[in-house]
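Fold and geometry: a report
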Amino acid sequence: TSEPPAEQGQWQYDFSDPDGPQVGTVALEGTNTIAACEDPVVIIAEHTSLNVILPPELEEVADLLVVVDRATSTFAERKFLVYSSPGAAELTIGAFAEKSDVPDGITILGQVVLVQIPWLPCMQKTKTGFMEEDEYF
């Protein structure tokens with residue numbers, strides 16, 4: 001039997017073999033951004049590691065889905081890059097203002113094209129007292 005589905009606006013995943021390859025399938029909304037990717041992959045990253053600001057009421061770390069196009073492995077201004085540094089065990093996601101700011105010896109593995117943030121209960125609007133504003137469309 002399969003797991004029950006995640007709540008709407010959420011996702012779930014299971015790494016049943018922690019020593020094996022960490023692969024799976026992610027379904028995302030079909031957009032031109034995703035369709036334009038030649039070699040997309042998804043990385044699961046904590047919001048704190050990407051400095052994504054979420055509501056201060058959030059007490060736990062939120063997992064984000066980061067879509068990376070591995071076919072685009074060159075520097076670009078104002079784009080987040082996924083890269084590996086010599087001797088580092090983990091990948092890094094970062095952006096650089098100029099090509100001269102890119103550290104020597106890194107290997108650019110792809111460009112970030114989309115970051116999907118889950119809907120969290122702390123994101124719910126508070127009551128304003130105006131029925132028109134309090135309804136969710």
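This structure is a prediction, so every number in the text was calculated from the model and none was measured.

A short note on the overall build of the chain
Counting its secondary structure elements, the chain contains two helices and five strands. Secondary structure elements of the chain occur, N-terminal to C-terminal, as α-β-β-β-β-β-α. Looking at the 137 residues of the chain, the share that counts as buried comes to 20%. Taking all contacts inside the chain whose residues are at least 6 apart in sequence as the whole, residues at least 24 apart take part in 58%. On the chain, roughly 10500 Å² of surface is accessible, and the fraction owed to carbon and sulfur atoms is 51%.

Notes on the sheet that holds strand E1 (residues 40-46)
Read across the open sheet, the five strands follow the order E1-E2-E5-E3-E4; overall the sheet is antiparallel. Each edge of the open sheet carries a strand with a single partner, namely E1 and strand E4 (92-94). Taking the axes of each pair of neighbouring strands and ignoring which way they run, one obtains an average angle of 40 degrees across the sheet. Sheet topology places E1 next to strand E2 (residues 63-69); seven bridges connect them, and they run antiparallel. Paired with Val42 across the strands is Val67, a residue of E2.

What counts as what
- Residues numbered from 1 in each chain as written.
- Predicted model: local features only at pLDDT ≥ 70, side-chain atom pairs only at ≥ 80, totals over all residues.
- Heavy atoms only, no water.
- Helix = DSSP H or I, 4+ residues; strand = E, 2+ residues; numbered from the N terminus.
- Buried < 20%, exposed > 50% of the residue type's maximum accessible area, 1.4 Å probe, protein only.
- Contact = heavy atoms within 4.5 Å.
- Areas by Shrake-Rupley, 256 points an atom, 1.4 Å probe, with all protein chains shown as cover.
- Pairing = 2+ DSSP bridges.
- Axes fitted to C-alpha atoms, helices over the stretch in contact; angles between N-to-C directions.

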